[in-house]
Amino acid sequence: MNKILKLLAYKFLSPNSYAKFIGVKFGSNCKFRTKYFGTEPYLIEVGDNVQTSSNVYFINHDGGVGVLRNLYKDLKKTDLIKRIIIGNNVFIGFNVTILLGTKIGNNVIVGAGSVVKGELMSNSVYAGVPAKYICSIDSYKEKNSRFFLNTFSIEPVKKEEILRGFFLESNP
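Let me begin by describing the structure that accompanies this report. (Residues numbered from 1 in each chain as written. Predicted model: local features only at pLDDT ≥ 70, side-chain atom pairs only at ≥ 80, totals over all residues. Heavy atoms only, no water.)

**With respect to the overall build of the chain**
(1) Moving on: Helix and strand counts for the chain come out as 5 helices and 13 strands.
(2) Moving on: Expressed as lengths along the three principal axes of its C-alpha atoms, the size of the chain is roughly 70 × 35 × 25 Å.
(3) Moving on: In the chain, which comprises 172 residues, the proportion classed as buried is 29%.
(4) Moving on: A sequence separation of at least 24 residues applies to 22% of the contacts in the chain between residues at least 6 apart.
(5) Moving on: Surface summary for the chain: the accessible area is close to 11,000 Å², and the carbon and sulfur share equals 57%. (Helix = DSSP H or I, 4+ residues; strand = E, 2+ residues; numbered from the N terminus. Buried < 20%, exposed > 50% of the residue type's maximum accessible area, 1.4 Å probe, protein only. Contact = heavy atoms within 4.5 Å. Areas by Shrake-Rupley, 256 points an atom, 1.4 Å probe, with all protein chains shown as cover.)

Written as structure tokens, this is what we have:
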């Protein structure tokens, strides 16, 4: 791909349009807020209803193999590259790094700042460095239910009114 064309696409396309342009495979109703799809974006597969926060990094190429290239003649031209597969209905928090070979199941939340490698099981919440199992989706729902407010997609002034009433007046 022409470097200038790719640079222009990076600068001017939305994250979803850029992902499609560079070959990331993704399903319907996805919302990317990142443009960091690694050196082999065509090896990234994302299901339906997946959202990322900003500063999410997809890394499917391990540069550490360069040390092996210097040590072993038979590895002079070797790369270490693996796919990244993300299931359906996944949320990936701010500043998460997803490393090569990662497979994330369905209905998963990945907490902000996590480093993800390996397999994350469906219906679960993970966070940390490295990302570890925190709880089930049902447990997450139960733990947070008292804070659920019907403020999704409402005008900012009304949302502020509701949040001020809830947090500053009724729950000081």
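Still more ground to cover, so stick around.
**Structural notes on the sheet that holds strand S3 (residues 50-52)**
(1) Moving on: Judged by pairing direction, the sheet is mixed, and its 5 strands sit side by side in the order S3-S6-S9-S12-S13 without closing on themselves. On the outer flanks of this sheet lie S3 and strand S13 (132-136), each paired with one strand and no other. Neighbour-to-neighbour, the strand axes of the sheet open up by a mean angle of 15°, direction not taken into account.
(2) Moving on: Pairing analysis gives 3 bridges linking strand S9 (residues 108-110) to strand S12 (residues 124-127), with the strands arranged parallel. Of the residues in S12, the one forming a bridge with Val 108 is Ser 124.
(3) Moving on: In the packing of helix H4 (residues 137-144) onto the sheet, the strands contacted are S9, S12 and S13, and the crossing angle to S13 comes to about 65°. (Pairing = 2+ DSSP bridges. Axes fitted to C-alpha atoms, helices over the stretch in contact; angles between N-to-C directions.)

**A look at a nonpolar patch on the surface**
(1) Moving on: The grouping of Tyr 10, Tyr 36, Tyr 57 and Ile 59 at the surface amounts to a nonpolar patch, some 310 Å² of accessible area in total.
(2) Moving on: Using a relative accessible area of 31% as the deciding quantity, one classes Tyr 57 as partly exposed. (Patch = residues over 30% accessible without salt bridge, like charges linked within 9 Å, V, L, I, M, F, W, Y side chains within 5 Å. Salt bridge = Lys/Arg side-chain N within 4 Å of Asp/Glu carboxyl O.)

**A word on the pattern of salt bridges**
(1) Moving on: One pass over the full model with this rule turns up 4 salt bridges.
(2) Moving on: The partner of Glu 161 in a salt bridge is Lys 158, with the nearest N and O atoms 3.4 Å apart. With Glu 161 and Lys 158 both in helix H5 (residues 156-170) and 3 residues apart, the pair spans about one turn of that helix.
(3) Moving on: By relative accessible area, Lys 158 is classed as partly exposed at 38%.

**Considering the sheet that holds strand S10 (residues 115-116)**
(1) Moving on: Across the sheet, which stays open at both edges, the 3 strands sit in the order S4-S7-S10 with parallel pairing between neighbours. With partners counted over all chains shown, the strands left at the sheet margins are strand S4 (57-58) and S10, one partner each.
(2) Moving on: In this structure, strand S7 (residues 97-98) lies alongside S10, joined through 2 bridges in parallel fashion. Bridge pairing in S10 links Ile 98 to Val 116.

**Brief notes about the environment of Leu 13**
(1) Moving on: Its location among the elements puts Leu 13 in the loop between helix H1 (3-12) and helix H2 (15-22).
(2) Moving on: Of the residues examined, Leu 13 reaches a relative accessible area of 31% and is grouped as partly exposed.
(3) Moving on: Residues Leu 13 and Lys 35, spaced 22 residues apart in sequence, show a C-alpha to C-alpha distance of 9.6 Å.
(4) Moving on: Here Leu 13 is in contact with Leu 8, Tyr 18, Phe 21 and Lys 35, once residues within four sequence places are set aside.

**So, the packing of H1 against H2**
(1) Moving on: The contact between H1 and H2 brings their axes to 9 Å, and the two run at 155°. Considering the angle they form, H1 stands roughly antiparallel to H2. On H2, the residues that touch Leu 5, Lys 6, Ala 9 and Tyr 10 of H1 are Tyr 18, Phe 21 and Ile 22.
(2) Moving on: Considered class by class, the residues forming the contact of H1 with H2 number 6 nonpolar, no polar and 1 charged. (Parallel < 35°, antiparallel > 145°, perpendicular 65-115°, else oblique. Nonpolar A, V, L, I, M, F, W, Y, C, P; charged D, E, K, R; others polar.)

Nothing here speaks to function; it is all geometry.
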